Amino acid sequence: MKNYKILLFTFLIVPLLSFSQEKAKDSVVEKPERPAFESASLIDNQTNVLIKKNTLDVMLQHRFGAIDQENTLLGIYGPSNIRMGLSYSVLDWITVGYGITKKNLTSDFNLKVGLLKQTRSGSTPLSISYYGNIAIDGRSGSANDGVFLTRQDRYSYFNQLIFAKRFNKKLSLQIAPSLTHYNTVDFGNENDRFSVAFGGRYRISSQTSIIFDYSQPLTTLDDDPLTGSSYNNPGISMGAEFSTSAHVFQVFITNYNGILPQQNYMKNTNDFFNKGILIGFNITRRYNF
């Protein structure tokens with residue numbers, strides 16, 4: 001009788017142990033994949049990275065003048081554009097932020113939401129995030145001088161979906177379609193512009209990576225009525241990224257100087273292949289609370 005009890009106990013406990021092991025195995029393989037990128041930004045575009053809850057991201061973004069300008073030391077002493085920004089993670093998958101840009105004294109309020117996370121098992125092959133902002137042109141002006149007729153003329157909007165994938169420890173890529181809207185544009189031009197960005201990072205050491213970003217406008221706009229320059233040039237950027245546990249430093253060359261995505265996509269006239277290259281850098285510091 002004692003042997004029967006032992007056998008019965010064995011038959012009962014083995015399935016439970018197997019189920020527990022299977023559950024433990026599933027819980028390991030279904031863990032989220034490590035972030036595809038180190039920073040929340042990839043040169044001139046956002047990435048899928050969302051900082052952990054109760055973390056503050058402090059960012060300084062700087063664009064020097066065009067490198068071909070005379071007596072400016074490769075544009076370093078030429079006209080520059082600067083943005084200072086703060087981002088705070090309300091939840092692990094929601095980040096809100098504010099920044100102010102030197103160009104037009106533009107303030108922006110932004111939101112990033114994680115919609116889907118890549119898993120280590122590959123059951124979810126990529127990560128999807130949404131990024132959007134509202135920007136307000138801070139220049140002085142009114143209907144009297146023809147700059148702004150109403151308060152709403154100062155507003156612009158940017159919306160982007162970011163599809164990112166970490167292929168392995170070294171290579172990460174993303175593609176990001178976007179829609180830009182300006183309440184006020186030059187007469188006869190479009191208020192909205194569709195664009196798509198493609199970027200990536202290749203790690204060459206534990207703290208150093210090669211990064212690139214390519215942005216292609218899809219909606220054709222008329223040329224600048226004053227200078228005749230084209231608003232349809234793609235954005236081309238490439239450089240290096242250096243990261244630690246709390247800092248990310250990116251240095252690069254680019255033909256975008258607007259910093260804010262809507263300024264880059266709608267207002268850029270620099271041609272990367274025709275004296276439109278400038279040097280830039282991004283610095284990010286994180287504080288955990």
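Before reading further, recall that the structure is shown in the block above.
Structural notes, computed from the coordinates. (Residues numbered from 1 in each chain as written. Predicted model: local features only at pLDDT ≥ 70, side-chain atom pairs only at ≥ 80, totals over all residues. Heavy atoms only, no water.)

### Re the packing of aromatic side chains
Then step 1. Within the structure shown, the criterion is met by 9 aromatic pairs.
Then step 2. With a centroid separation of 6.4 Å and an interplanar angle of 25 degrees, the aromatic rings of Phe-242 and Phe-249 are classed as stacked.
Then step 3. Under the relative-accessibility criterion, Phe-242 is labelled partly exposed at 37%.
Then step 4. Between Tyr-256 and Tyr-265, the aromatic rings sit 6.2 Å apart at their centres with planes inclined by 65 degrees, giving edge-to-face as the arrangement. (Phe/Tyr/Trp six-rings, centres within 6.5 Å; stacked < 30°, edge-to-face > 60°. Buried < 20%, exposed > 50% of the residue type's maximum accessible area, 1.4 Å probe, protein only.)

### Considerations on a negative patch on the surface
Then step 1. A surface patch of negative charge is lined by Asp-186, Glu-190, Asp-192, Asp-222 and Asp-223.
Then step 2. Following the sequence through the fold, Glu-190 ends up in the loop between strand E9 (171-182) and strand E10 (192-203).
Then step 3. By relative accessible area, which is 42% here, Glu-190 ends up partly exposed. (Patch = residues over 30% accessible without salt bridge, like charges linked within 9 Å, V, L, I, M, F, W, Y side chains within 5 Å. Areas by Shrake-Rupley, 256 points an atom, 1.4 Å probe, with all protein chains shown as cover. Salt bridge = Lys/Arg side-chain N within 4 Å of Asp/Glu carboxyl O. Lys, Arg positive; Asp, Glu negative; His and termini not counted. Charge placed at Lys NZ, Arg CZ, Asp CG, Glu CD. Helix = DSSP H or I, 4+ residues; strand = E, 2+ residues; numbered from the N terminus.)

### Re the sheet that holds E9
Then step 1. One closed barrel holds the 12 strands; their spatial order is E3-E4-E5-E6-E7-E8-E9-E10-E11-E12-E13-E14, and the pairing between them is antiparallel. Neighbour-to-neighbour, the strand axes of the sheet open up by a mean angle of 20 degrees, direction not taken into account.
Then step 2. Pairing between strand E11 (residues 208-217) and strand E12 (residues 235-243): 8 bridges, direction antiparallel. When the sheet's bridge partners are listed, Tyr-214 is paired in E12 with Ile-236. (Pairing = 2+ DSSP bridges. Axes fitted to C-alpha atoms, helices over the stretch in contact; angles between N-to-C directions.)

### With respect to the pairing of strand E14 (residues 278-288)
Then step 1. When strand E3 (residues 55-66) meets E14, the two strands line up antiparallel, connected through 10 bridges. Residue pairing for E14: His-62 is matched across the bridge by Phe-281.
Then step 2. The pairing of strand E13 (residues 247-254) with E14 spans 8 bridges and is antiparallel. In the sheet register, His-247 faces E14, and the bridge partner there is Arg-285.

### Re a nonpolar patch on the surface
Then step 1. A surface patch of nonpolar side chains, about 820 Å² in accessible area, is lined by Leu-60, Met-84, Tyr-98, Ile-100, Leu-105, Phe-109, Phe-242, Phe-249, Val-251 and Ile-283.
Then step 2. Sorting the residues of the nonpolar patch by element identifies strand E5 (94-101) and E13 as the ones contributing at least two each.
Then step 3. Considering the arrangement of structural elements, one finds Leu-60 in strand E3.
Then step 4. Judged by relative accessible area, which is 30%, Leu-60 ranks as partly exposed.

### Considering the nonpolar core
Then step 1. One finds Ala-36, Phe-37, Leu-42, Ile-43, Val-49, Ala-164, Ile-211 and Phe-252 forming the largest nonpolar core, which totals 8 residues.
Then step 2. Formed by 7 residues, the second largest nonpolar core is a distinct cluster that contains Phe-158, Ala-176, Ala-197 and Tyr-256. (Core = buried A, V, L, I, M, F, W, Y, C linked by side-chain atoms within 4.5 Å.)

### What about unusual backbone geometry?
Then step 1. With a phi angle near 65 degrees, Asn-54 is a residue other than glycine that sits in the positive phi range.
Then step 2. Of note, Asn-54 is situated in the loop between strand E2 (45-46) and E3.
Then step 3. Given a relative accessible area of 29%, Asn-54 falls into the partly exposed group.

### Regarding the pattern of salt bridges
Then step 1. On inspection of all chains with the given rule, the structure shows 8 salt bridges.
Then step 2. In this structure, Glu-241 and Arg-201 form a salt bridge, with 3.9 Å as the shortest nitrogen-oxygen distance. In this pair, Glu-241 is assigned in strand E12 and Arg-201 in strand E10, connecting sequence segments 40 residues apart.
Then step 3. You can call Glu-241 buried: its relative accessible area is 3%.
Then step 4. Salt bridges here are not isolated pairs; linked through shared partners, they connect Glu-38, Arg-201, Arg-203 and Glu-241.

Remember, this is a structural readout, not a statement about activity or role.
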